[in-house]
Structure formats: structure tokens, C-alpha cells
Amino acid sequence: MSSLLASWRASWEERFYRWVDKRTPRTLQVELNRKNLYIFPNLTGLLYLAITFVIWLLGTNYQNNLILALSYLLVSIFVVSILHAFANLAGISIRFVGARPAFAGDPVAFVLELNCINKAGCDNLELRWQNGVKSSETQVVTLNHNEPQQVTVRAQSRERGYLQPGRLLVQSRFPLGIIRCWTWLNLDATALIYPAPIITDEPHAQASDGREEGGASQRGGDDFSGLRDYQAGDPIKHIAWKQYAQDKGLFTKEYEAFFSAEKWLDWDSLNQPQELRLSGLCYWALEYEQRQIPYGLHLPGFSLAPALGEHHLQTVLTALAKFNLPREANHAR
């Protein structure tokens with residue numbers, strides 16, 4: 001029985017949303033009016049009507065004019081609530097401003113600009129994306145007449161690429177909480193989602209020999225770095241025989257290996273599945289940026305020279321987010 005009800009509900013919702021999509025095409029800005037607003041009593045409103053009906057039955061049965069008057073008053077309040085609920089939302093314009101990029105698995109902030117042309121403003125307006133089920137993802141705002149207000153409505157991300165949060169639910173139960181006035185809007189809202197940073201093995205450094213400023217060195221390489229006093233146990237091949245022949249004393253040659261001050265996020269340096277590679281490169285990009293170590297990016301078909309800074313970091317993260325996405329996903333922007 002439960003599965004049958006679930007199937008019926010899913011079928012009904014699919015047909016309803018298909019009908020809604022025809023009435024509200026995808027756009028960046030929309031104004032609420034009688035063509036896209038829906039009004040219906042909520043559970044509290046249905047209970048209100050049931051109590052009103054019981055009071056009317058009592059007044060009719062006992063022929064009590066006072067009880068009948070009370071039932072008529074309750075019906076009048078209900079009808080007036082419908083008008084006020086519609087007037088509260090009618091005339092509101094909603095525009096998509098932008099979305100801040102986020103990492104996969106984190107909530108994404110979509111910024112909307114709302115403006116109300118009604119002189120009375122708008123009270124208790126609720127906004128939530130269709131896929132947002134958490135109460136923290138519902139924003140409740142109050143609008144004043146002709147005072148544009150920016151509101152951040154969050155949606156949960158799951159994987160890298162482009163996130164389209166779906167339809168936007170705009171609703172209000174003003175003024176008495178017994179009437180629900182709502183609409184579903186198809187805003188052209190999209191956010192870029194970076195790969196989730198995951199700790200992996202550090203990509204191999206591939207750059208210059210490291211002798212530039214900032215390069216690091218380590219003993220035991222092939223580059224001569226100087227002389228030091230001979231110590232027992234030093235390799236014979238490292239003894240400076242030329243200085244010894246000149247009666248300058250016994251010295252040992254020291255060698256160092258220089259490492260590049262620049263790092264490369266090289267796709268081929270990691271041997272992991274695609275998404276794990278991207279997450280690893282994302283982690284090390286953030287790590288190098290925090291350590292202020294210049295870093296570049298090597299991806300199949302894409303290369304970026306080593307640099308530092310917020311703009312460089314965003315360019316790297318964007319390239320990782322868009323890597324190997326389906327064509328239709330890239331054409332969505």
C-alpha cells in the first residue's frame with residue numbers, strides 16, 4: 001500500500017512540475033503575479049475549516065443565531081486571509097545575482113535580489129531550493145516597499161562540475177498561518193563546484209634546477225658547494241687533493257642537490273582514478289598557496305605556468321573543476 005501511494009505521489013508531482021515548467025520558463029529574473037502564484041489551505045487551514053463547519057452544524061442544529069454568526073465570521077476571516085496571502089506575494093521580483101564557487105560536498109551560496117513594489121511590503125517570505133530539505137537551507141525574509149534586498153539561499157553540492165539547484169520554492173503563510181501562498185520558479189542559476197580536496201602523495205616537482213631565489217638544497221647531490229675540514233670517515237674520492245698538494249691542509253669537498261622553488265601539479269605524477277587525482281591536485285594547490293610556494297598546473301591539453309595569488313588559485317581550481325566534463329555541461333554556461 002505504501003509503495004502504491006509513493007508511486008502515485010511521484011507520478012502526480014512529475015505532472016505538476018511539468019505543468020509548472022510550462023508556466024514559468026527558465027529565466028534570470030521573474031515577477032510574482034496571478035499567473036504563477038498558487039493558493040491553498042495548509043493543514044492548519046483545513047483544521048480551521050473543519051472547526052468552522054462543526055460550529056455551523058451546532059448553530060444550525062440548535063437554531064442559535066449567535067453560534068451561526070460566529071461560523072460566518074470565521075468563514076469571512078478565511079476568505080479575507082486568501083486575499084491578504086495573495087497580496088503579500090504579488091508584485092515581488094526575484095533576480096539571480098550570482099553564486100560563489102564551493103568544494104564538492106560543501107553548501108553552495110546562491111545570491112538572489114528581491115524587490116517588492118507593494119506599499120505594504122512583504123512579511124514572512126520563505127525561500128528554499130527544491131532539493132534543500134534542511135531547515136538551515138530555508139531563508140525567511142521581510143521586504144520593505146521598493147528596497148531591494150539580497151538574500152543568500154544555500155544548496156548542498158555533491159560532485160564537482162556545475163550545480164543547478166533546481167526549482168526555487170517561494171512561499172508564505174501570512175497573515176494567519178492558515179493559507180499557504182506559494183510558487184515554484186525556474187531561475188537560471190548555476191554554480192561552479194571544485195573537487196573536494198583530499199590528501200594524496202605530493203606531485204613530483206618539475207621545474208628549473210632551483211638555484212633561483214627560494215630554491216631549497218640538500219646534501220649528497222652532484223653540485224659542488226664548497227670545502228670543509230676533513231673529518232675521519234669522509235670518502236677518499238671527496239678529498240680535495242689539489243689543496244692538499246699545495247700544502248693548504250686536508251679538506252673535503254661538499255656537494256648539494258638543488259630542488260626547484262616552484263612546484264608543478266602534474267596530472268601524470270599521480271597514479272589514481274580521475275576524481276581522486278583531481279581532489280589530490282586540488283589539495284596541493286591549496287597547500288602550496290598557503291605556504292606561498294609558486295605552483296603550476298599540467299593537465300592533458302592544458303598547462304598553466306607557476307605563479308601565486310588568489311587569481312592564480314581560482315584559475316587552477318576552475319581548470320580542475322571543468323576537467324573532462326561532458327560537453328553539455330560546459331555549454332550550460
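Refer to the structure above for everything that follows.
Only a predicted model underlies this, so the values are computations on that prediction, with no experimental measurement involved. (Residues numbered from 1 in each chain as written. Predicted model: local features only at pLDDT ≥ 70, side-chain atom pairs only at ≥ 80, totals over all residues. Heavy atoms only, no water.)

Brief notes about the sheet that holds strand β16 (residues 295–299)
If you trace the 3 strands from one edge of the open sheet to the other, you get β15-β16-β17, paired in mixed fashion. Two strands in the sheet have a free side with no partner beyond their single neighbour: β15 (263–266) and β17 (302–307). Along the sheet, successive strands turn relative to each other by an average axial angle of 15°, direction set aside. Across 4 bridges, the pairing between β15 and β16 is parallel. Paired with leucine 265 across the two strands is leucine 297, which belongs to β16. Contacting β15 and β16, helix α5 (residues 274–291) runs over the sheet at an angle of about 165° to β15. Relative to β16, helix α6 (residues 310–322) is tilted by about 20°, and along the sheet it contacts β15, β16 and β17. (Pairing = 2+ DSSP bridges. Helix = DSSP H or I, 4+ residues; strand = E, 2+ residues; numbered from the N terminus. Axes fitted to C-alpha atoms, helices over the stretch in contact; angles between N-to-C directions. Contact = heavy atoms within 4.5 Å.)

A look at the packing of aromatic side chains
Tallying each qualifying case throughout the model produces 10 aromatic pairs. Residues tyrosine 38 and tryptophan 182 carry aromatic rings whose centres are separated by 5.8 Å and whose planes lie at 55° to one another, so their mutual orientation is tilted. Residue tyrosine 38 is found in strand β2 (residues 38–41), and its partner tryptophan 182 is found in strand β11 (residues 179–185); the two are separated by 144 residues along the sequence. When its relative accessible area of 10% is taken as the criterion, tyrosine 38 is described as buried. Aromatic side chains tyrosine 283 and tryptophan 284 sit 5.2 Å apart centroid to centroid with 80° between the ring planes, which places their arrangement in the edge-to-face category. An aromatic cluster is present here, built from Tyr283, Trp284, Tyr288 and Tyr295 joined pairwise through their rings. (Phe/Tyr/Trp six-rings, centres within 6.5 Å; stacked < 30°, edge-to-face > 60°. Buried < 20%, exposed > 50% of the residue type's maximum accessible area, 1.4 Å probe, protein only.)

Worth remembering: the numbers are spatial, not functional.
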